[in-house]
Amino acid sequence: MRGGHGPFLATPRRRRAARRGPRWRRRVVGLALALLALFALDRLFPPPLPGAGGATVVLAADGTPLRAFADRDGVWRYPVTPEQVSPYYLEALLGYEDRWFWRHPGVNPLALARAGWQWLANGRVVSGGSTLTMQVARIFDPQPRSAGGKLRQALRALQLEWRLDKQEILTLYLNHAPFGSTVEGVEAASWAYLGKPARELSQAEAALLAVLPQAPSRLRPDRHPEAARAARDKVLARLAGQGTWSQDDVDAARIEPVVARRLQPPVSAALLAQRLRAAHPGRAHVTSTLDANLQRTLEARLAAYFAQLPERSSAALLVVDNATLEARAYVGSLAFGDARRLGHVDMVRAVRSPGSTLKPFLYGLALDDGLVHSESLLVDAPQAFGDYRPVNFDPAFNGPVSVAEALRLSLNVPAVDLLDRVGPERFTARLAHAGLALQLPRGAKPNLSIVLGGTGTRLEELVGAYAALNRGGLAGQVRYTPEAPLVERRLLSPGAAWIVREILESHGRPGQREGLVDTSRRQRVAWKTGTSFGFRDAWAIGSTTRFTVGVWVGRPDGTPLPGQYGAITALPLLFEVVDSLPRAAADTARPPMPATVEKREICWPLGLPPDPAAPGLCQRRREAYVLAGQLPPTLPEREARLWSAGRLPIDVDARSGLRLSASCTARHERQRVEIARWPSLAYPWLPAQERRASAIPALAPDCAPDALAAVESLRIEGPANGSRLARAPGSSTPPTLRLRALGTAARVRWLVNGRLAGETLGALHWTHAFDTAGEQRITALADTGAWAELSLRVLP
């Protein structure tokens, strides 16, 4: 066909298109293969990003670092996000290091070209040309400062940009940039050098920390303040030139001096931090409930206060907020890290003998049980409870005392007597229910010694229990982190807790004389001390309206610390701590009396309200706090052999006053009278008037003996009453007496001036040397309640 190409003849345009088709496909395939190769290389050679775990920092409630735990490389850091850092720092960092950070893909070609030209022109590196992403790549994959190293760094930067967004890359830099020594990250550096969080940086401080990673060793402000200042001012000048900051702001920042603290990781509340780190493994930071300023203050105060304690001695302190049960200060040892003081042993949670610190809970439980009120009559006199014979810390005895006095004076015999009535098993179970678990030897059962320290407990559990005195009777588990659950259990009723707290607050402060010191602005403190057997533990626990404080002093290895006991060693520090705690005007006010508590007048020895019809039964009047309207009478004597304390009805002759039995031969005008009897063990301490008022009248001679006639009559065989004793001429040996008690076959305890000096059985002799001149009062007190007394004077 002339002039025609036919349908199958290609035009030049079609031939060119046909040639472009395979070429375009080859390009697409090549690009895909290149991308696939890059993806494979990225997967085969991923950037070494940091993993989870490693360094941990434990924080106070306000975010202040308490203790930093380094990672396996010995580096400590405090992770933050860009939102938690001062905008000044971000402006200084990006303005000085990488203005185009938010726009480039990880590498800035213009910056690299400029750096290369400056290197060729000057023969040295003038500017690095590295972006912030490239610096992050160099942190995790260090490269030599060479063309090859720079190329590899650029490739790593591209990998980072491929895998992470800009915010994540910036976060990596904030937390891993080197700041000298073992400190990484801006937050850790801000605390280490400046003592503040990075969110509070000034413009001058932000500029300093922005430039510090360029040469951390050479620019450390704690070692080279002038070099650091010059570098900082260079950053300020650049930011002013860029217009990032105004010239006025930069001029003001230049005036600010470079002041840095000595670089060291924080070590505060070290033992609690260690405990929290173990409880939260893998967490970069753990926030506690502690008050950072209070913690530092009390650590310093504790160290100064007990600096003179002998070696191997330690101390512990715990402060808890009553409202939340959150710990505000925690000092587990006197000197953390001091091997001579066993500073690694956390005495806040070590099991130790509590001494007398459990007594307030015993009296509170007895109040709730209706056994006693605050002025119930108890007897502080030598007593035996089976084979157990307690004595007081001070060996003197006080005779008749009230519940309040027995608790305030921490008398041992009344407490053991009361525990015998409450039951040691029940007392132990009640404490355990409230979170105060007493530790006994394997296989041992609760016994009467536990109230005097014959058991083990922990300071943190004691503090949680004492908080109940200002929490309406609710004890609880101390909380160390904000997320810890609030665990609280009832220990006492609100009324019993109020009465016990009122008793302990009325202590006052030792050495503080009434009227000499204005106490109106001081917080009321319900406090109790304790000392374990052998001076191994000295305790002081106190509770105010807002806080409960516990102090322990002793040796972690359990050896004695002679001469150190609660009232002398621990109590003064307790009051110093209480006076340093935050307070409000309302904290000094007395808490209102609960509706279940009322104040009533009672009489001793019966423990009941006065009876207008029998005024002679009221020998001593006292004001008592009564719980739930209950007015229990004086407790009956334990194992009373002769009669029980209380109202004793007796028939007497109306004229002679002699006692009449049921069988009398003569004619008598009978009259029924009542006598208020004191517990028999209290009689040696009563004044003569009260002894006469409670004396049983003699039996009329014509009457047959009655039960009261069987009362033992005790007599001391020895010198006459009022005798004088002196040393033998020329002798330095004190005068010695050999005495015996006649009229009983029971055990007899011998007291000299109210102090237990020995005991005998029946009429066996007792020998005593009188080495102190002056009046001496000797009392023989039988288990039956019979007693006799002898007064002597020892000449000097």
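Scoring rules and cut-offs
Residues numbered from 1 in each chain as written. Predicted model: local features only at pLDDT ≥ 70, side-chain atom pairs only at ≥ 80, totals over all residues. Heavy atoms only, no water. Helix = DSSP H or I, 4+ residues; strand = E, 2+ residues; numbered from the N terminus. Buried < 20%, exposed > 50% of the residue type's maximum accessible area, 1.4 Å probe, protein only. Pairing = 2+ DSSP bridges. Axes fitted to C-alpha atoms, helices over the stretch in contact; angles between N-to-C directions. Contact = heavy atoms within 4.5 Å. Patch = residues over 30% accessible without salt bridge, like charges linked within 9 Å, V, L, I, M, F, W, Y side chains within 5 Å. Areas by Shrake-Rupley, 256 points an atom, 1.4 Å probe, with all protein chains shown as cover. Salt bridge = Lys/Arg side-chain N within 4 Å of Asp/Glu carboxyl O. Phe/Tyr/Trp six-rings, centres within 6.5 Å; stacked < 30°, edge-to-face > 60°. Lys NZ or Arg CZ within 6 Å of the ring centre and 35° of its normal.

Asks: Any details on unusual backbone geometry? Residues and values, ideally.
Replies: The linkage connecting Trp604 with the following residue, Pro605, adopts the cis geometry, with an omega of 10°. Following the sequence through the fold, Pro605 ends up in the loop between strand E15 (597–604) and strand E16 (620–627). In the Ramachandran plot, Leu342 falls in the positive-phi region, its phi being about 50° despite a non-glycine side chain. You can see Leu342 is positioned in the loop between strand E7 (327–331) and helix H13 (359–368). Of the residues examined, Leu342 reaches a relative accessible area of 23% and is grouped as partly exposed. Located in the positive-phi region is Ala628, a residue other than glycine, with phi close to 55°. With respect to the helices and strands, the residue Ala628 is situated in the loop between E16 and strand E17 (646–653). Ala628 sits in the exposed class, given a relative accessible area of 52%.

Asks: So what's going on with the sheet that holds strand E23 (residues 755–761)? Residues and values would help.
Replies: Within the open sheet, the five strands sit side by side as E20-E26-E25-E22-E23. Their pairing is mixed. Every other strand in the sheet has two partners, leaving strand E20 (723–725) and E23 as the edge strands with one partner each. On average, each strand axis in the sheet is inclined to that of its neighbour by 30°, with strand direction left out of account. As paired elements, strand E22 (residues 747–752) and strand E25 (residues 774–782) share five bridges and run antiparallel to each other. Opposite Arg749, over in E25, you have Leu781 as the bridge partner.

Asks: I'd like to hear about the sheet that holds strand E14 (residues 547–554), residue by residue, with values.
Replies: On the basis of which strands lie adjacent, the open sheet formed by five strands has the order E7-E6-E14-E13-E12 and antiparallel pairing. Each edge of the open sheet is held by one strand with a lone partner, namely E7 and strand E12 (526–531). The average angle at which neighbouring strand axes cross in this sheet is 5°, direction not considered. Where strand E13 (residues 537–543) lies against E14, seven bridges are found, and the strand directions are antiparallel. Counterpart to Ile541 in the pairing with E14 is Gly550. Helix H19 (residues 566–580) rests against strand E6 (314–321), E12, E13 and E14 of the sheet, and its axis sits at about 30° to E13.

Asks: Go over the pairing of strand E24 (residues 766–769) with me, naming the residues and quoting the values.
Replies: Put simply, side chains in a regular strand alternate between the two faces of the sheet. Here E24 shows one buried face, formed by Trp766 and His768, and one open face, formed by Thr767 and Ala769. Across four bridges, strand E21 (residues 736–742) lies against E24 in antiparallel orientation. Considered in E24, the bridge of Leu739 is made with Trp766.

Asks: Account for a nonpolar patch on the surface, naming residues and giving values.
Replies: A contiguous nonpolar surface patch, about 280 Å² in accessible area, is contributed by Leu151, Leu155 and Leu158. Locating Leu151 in the fold gives a position in helix H5 (residues 147–163).

Asks: Lay out the packing of aromatic side chains with the relevant residues and their values.
Replies: Centre-to-centre distance and the angle between the planes together describe a pair of aromatic rings. Here the structure, examined in full by the defined rule, presents nine aromatic pairs. Ring geometry for Phe101 and Trp102: centres 5.0 Å apart, planes at 75°, overall edge-to-face. Assessed through its relative accessible area of 48%, Trp102 is described here as partly exposed. Aromatic pair Trp604 and Trp678: ring centres 6.2 Å apart, planes at 85°, arrangement edge-to-face. Taken together, the residues span a long stretch of sequence, with Trp604 in strand E15 and Trp678 in the loop between strand E18 (670–677) and helix H20 (688–694) at a distance of 74 residues. Considered together, Trp604 and Trp678 belong to a single accessibility category, that of buried residues. Above the ring of Phe101, the side-chain terminus of Lys166 is found at 4.6 Å from the ring centroid. If you follow Arg622 out to its NZ or CZ, it ends over the ring of Trp604, 4.1 Å from the centre.

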